[in-house]
Amino acid sequence: MDKLKISITQAESFIDKNEIETLQKEIYFQNIALEQKQGKGSEFLGWHHLPSTISKELLEDIKNTAETIRKKAKLFVVIGIGGSYLGARAVIEALSNPFHAYQESENPKIIYAGQNLSEDYLHNLLALLDNQDYALTVISKSGTTTEPAVAFRLLKQHLENKYGEAEAAERIIAITDESKGALRTLANQKGYKTYVVPDDVGGRFSVLTPVGLLPIAIAGFDIDALVDGARKMESLCTSSSSPDVNPAAKYAIIRNALLRKGFDIEILINFSPTLMYFTEWWKQLYGESEGKEHKGIFPAGANFTTDLHSMGQYIQEGRRVIFETLISVKSANYKVQIPDDNQDLDGLNYLKGKNIEYVNQMAELGTTLAHIDGGVPNIKIEIERIDEFNLGQMIYFFELACAYSGYLLKVNPFDQPGVEAYKKNMFALLGKPGFEKETEAIRKRV
Ligand code: PA5
């Protein structure tokens, strides 16, 4: 199997060579800190050797549960927010036919809830579920996050009304803390099948735990190959490997060197529309891990060529604070050629017989060169194709690079204290018991 490659040649001219050397030395120590669990947030390093340590029994158990659900349900609802759903969605959407919602298939269709508080969204979801055979998983490490809790309350009731309590309990899988939290208590009471979010794995690093693996298996994808890809990357990134061979270290170094030169916005670019949610997962991973103490690279995303007709203008000629990280996919999974046309009114006959992917690749190359000429450094991450193995490689690569980058920035990449601010205000505004003082204070402001 081909390994992921990273090329930084189109970024090097934008930085100082000295900076790279300094960062290489720093990362050597960050690597030791990670390995010896001496850095910030070291109680959350369960993801670090997860690919090589995940048990065969757990993978088998997940596949068996997935098989049972696949026989029962045409539709599977994943309830969760942030790290509790983005990893699964990133992989499922990357591997799915973009038109699967309109197709008959033996695979249940996966839909999502608990990732917003939109009344219209939930109304439409409940209306859809009235006429569908479905099952669900509710994923919340804390078991108390408002968005998934609201969605789960609605869907649990809906499921119980539709199938009765006993059958509803067979159709609910809870993924949560091993012993604490409201969801664990309810799951124990009702006898739901459960999986554990390990204590030492934070939400955004949890895609290779049941949090991601169960929905991915239910969607019909190969979780063994996904984990194999992550294992491959873990083995390439051993602590002894120098940044020259450790791709995650290379990526962390170059993006921090660019930051030190004033490039403080990173846009993750793809030329494959099914990677849109992979970008969303990446944005969460980096945004929530690095954006602290008024530091961090702002993670943005763009889907090309679509966004070349919108964001493309800004990237080419706007403020020069942007660098791009391109996920370059070498081969398409299918072949479609541009046909001949007698009249050639659109002038496309010069491309007749060419594969669409060839045109896409020329768009990719042309864009990269144009953006470099415009002052936008480019880091290229190359994978052979979009499949489970390569997604597994990319997941581990970006997770490890994120940890390195957080340590280079001297922040704790594994907590998210800033996320609490909106919750506190929302609870105060909603009059949640225990927030009386905050309620009084905030009502004076609005
Ligand atoms: O990465 C994280 O830790 C967060 O994005 C959480 O996953 C998210 O806030 C959901 O939390 P929980 O799983 O506790 O409901």
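Report follows, based on the coordinates. Bear in mind the structure is a predicted one, so any value in this text is a computation, not a measurement.

Surveying the vicinity of the ligand reveals 13 residues, the closest of which are Ser 84, Ser 140, Ser 142, Thr 145 and Gln 284. The side chain of Ser 140 places a nitrogen or oxygen atom 2.6 Å from an oxygen atom of the ligand. The side chain of Gln 284 places a nitrogen or oxygen atom 2.6 Å from an oxygen atom of the ligand. Starting from 390 Å² of accessible surface for the ligand in isolation, the protein chains cover 89%. Of the residues belonging to the shell around the ligand, the class tally is one nonpolar, nine polar and three charged.

Moving on to the packing of aromatic side chains. In total, this model carries 20 aromatic pairs according to the counting rule given. Aromatic side chains Phe 278 and Trp 281 sit 5.1 Å apart centroid to centroid with 50 degrees between the ring planes, which places their arrangement in the tilted category. Highlighted residues: Phe 278 and Trp 281, both in helix H13 (residues 276-290), separated by three residues, approximately one helical turn. The buried category is assigned to Phe 278, whose relative accessible area is 0%. An aromatic cluster of three or more residues is present, and its members are Tyr 251, Phe 278, Trp 281, Trp 282, Tyr 286, Phe 397 and Phe 398. Note that Lys 354 overlies the ring of Tyr 358, its terminal NZ or CZ placed 5.6 Å from the centroid. Sitting over the face of the ring of Phe 427, Lys 432 holds its NZ or CZ atom 4.0 Å from the ring centroid.

Scanning all chains against the criterion turns up 26 salt bridges. The shortest N-O distance in the salt bridge between Arg 255 and Glu 266 comes to 2.8 Å. One end of the pair, Arg 255, is in helix H12 (residues 247-260); the other, Glu 266, is in strand S7 (residues 265-270), with 11 residues separating them in the sequence. Note on Glu 266: relative accessible area 0%, which makes it buried. Between Glu 384 and Lys 330 there is a salt bridge; the shortest N-O distance is 3.5 Å. Taken together, the residues Glu 384 in the loop between strand S10 (378-383) and helix H16 (388-408) and Lys 330 in the loop between strand S9 (322-329) and helix H15 (356-373) connect sequence positions 54 residues apart. Residue classification places Lys 330 among the partly exposed positions, given a relative accessible area of 40%. Among the charged side chains, a salt-bridge network with shared partners connects Lys 72, Asp 133, Glu 167 and Arg 171.

Turning our attention to the sheet that holds S9. Read across the sheet, five strands follow the order S1-S10-S9-S7-S8 without closing on themselves; strand pairing throughout is mixed. Looking at the sheet topology across the chains shown, the edges are occupied by strand S1 (5-7) and strand S8 (298-303). Across the sheet, the mean angle separating the axes of adjacent strands is 20 degrees when strand polarity is ignored. For S1 and S10, the ladder comprises three bridges, and the chain directions are antiparallel. In the sheet register, Ser 7 faces S10, and the bridge partner there is Lys 380. Contacts from H12 reach S1, S7, S9 and S10, with the element oriented near 160 degrees to S10. Most of the contacts of H16 go to S10, to which it runs at about 140 degrees, and overall it touches S1, S7, S9 and S10.

Further remarks concern helix H6 (residues 119-130). The α-helix advances 3.6 residues per turn, and as a result positions three or four apart in sequence lie on the same side. The end-to-end C-alpha distance of H6, which contains 12 residues, comes to 17 Å, matching closely the 16 Å that a straight helix rising 1.5 Å per residue would cover. Among the residues of H6, those classed as buried are Leu 122, Leu 125 and Leu 129. Mapping the buried residues of H6 onto a view down its axis gives an arc of 60 degrees, with all of them on the same face. In H6, the exposed residues that point more than 90 degrees away from the buried face are Glu 119, Asp 120 and His 123. The elements touched by buried residues of H6 are strand S2 (75-79), strand S3 (109-113), strand S4 (134-140) and helix H7 (146-163).

Another aspect to go through is unusual backbone geometry. Here Phe 304 and Thr 305 are connected by a cis peptide whose omega angle stands at 10 degrees. Mapped onto the secondary structure, Thr 305 falls in the loop between S8 and helix H14 (311-317). If you check the backbone angles, Lys 37 has positive phi at about 55 degrees while not being a glycine. In this fold, Lys 37 is placed in the loop between helix H2 (17-35) and helix H3 (50-53). Despite not being glycine, Glu 293 shows a phi value in the positive range, around 50 degrees. Positionally, Glu 293 belongs in the loop between H13 and S8.

In terms of nonpolar packing, the biggest core is built from 100 residues, with Trp 47, Phe 278, Trp 281, Ile 379, Leu 391 and Phe 398 touching the most fellow members. Considering every element that reaches this core, the biggest residue donor is H16, with 13 residues. Residues from two domains meet in this core; each of domain 1 (5-41 + 226-411) and domain 2 (50-225) gives at least three. Those residues in contact with Trp 47, other than ones at most four positions away along the chain, are Leu 34, Asp 200, Val 201, Phe 205, Tyr 396, Glu 399, Leu 400, Ala 403 and Phe 414. The next biggest cluster of nonpolar side chains, apart from the first, holds 22 residues, and it includes Val 138, Leu 159, Leu 183 and Ala 187.

Cut-off values and rules
Residues numbered from 1 in each chain as written. Predicted model: local features only at pLDDT ≥ 70, side-chain atom pairs only at ≥ 80, totals over all residues. Heavy atoms only, no water. Near = heavy atom within 4 Å. Polar contact = N/O pair within 3.5 Å; in protein donor to acceptor, adjacent residues only side chain to side chain. Areas by Shrake-Rupley, 256 points an atom, 1.4 Å probe, with all protein chains shown as cover. Nonpolar A, V, L, I, M, F, W, Y, C, P; charged D, E, K, R; others polar. Phe/Tyr/Trp six-rings, centres within 6.5 Å; stacked < 30°, edge-to-face > 60°. Helix = DSSP H or I, 4+ residues; strand = E, 2+ residues; numbered from the N terminus. Buried < 20%, exposed > 50% of the residue type's maximum accessible area, 1.4 Å probe, protein only. Lys NZ or Arg CZ within 6 Å of the ring centre and 35° of its normal. Salt bridge = Lys/Arg side-chain N within 4 Å of Asp/Glu carboxyl O. Pairing = 2+ DSSP bridges. Axes fitted to C-alpha atoms, helices over the stretch in contact; angles between N-to-C directions. Contact = heavy atoms within 4.5 Å. Expected span 1.5 Å × (residues − 1). Arc of directions from axis to C-beta. Core = buried A, V, L, I, M, F, W, Y, C linked by side-chain atoms within 4.5 Å. Domains from an automatic or database assignment.

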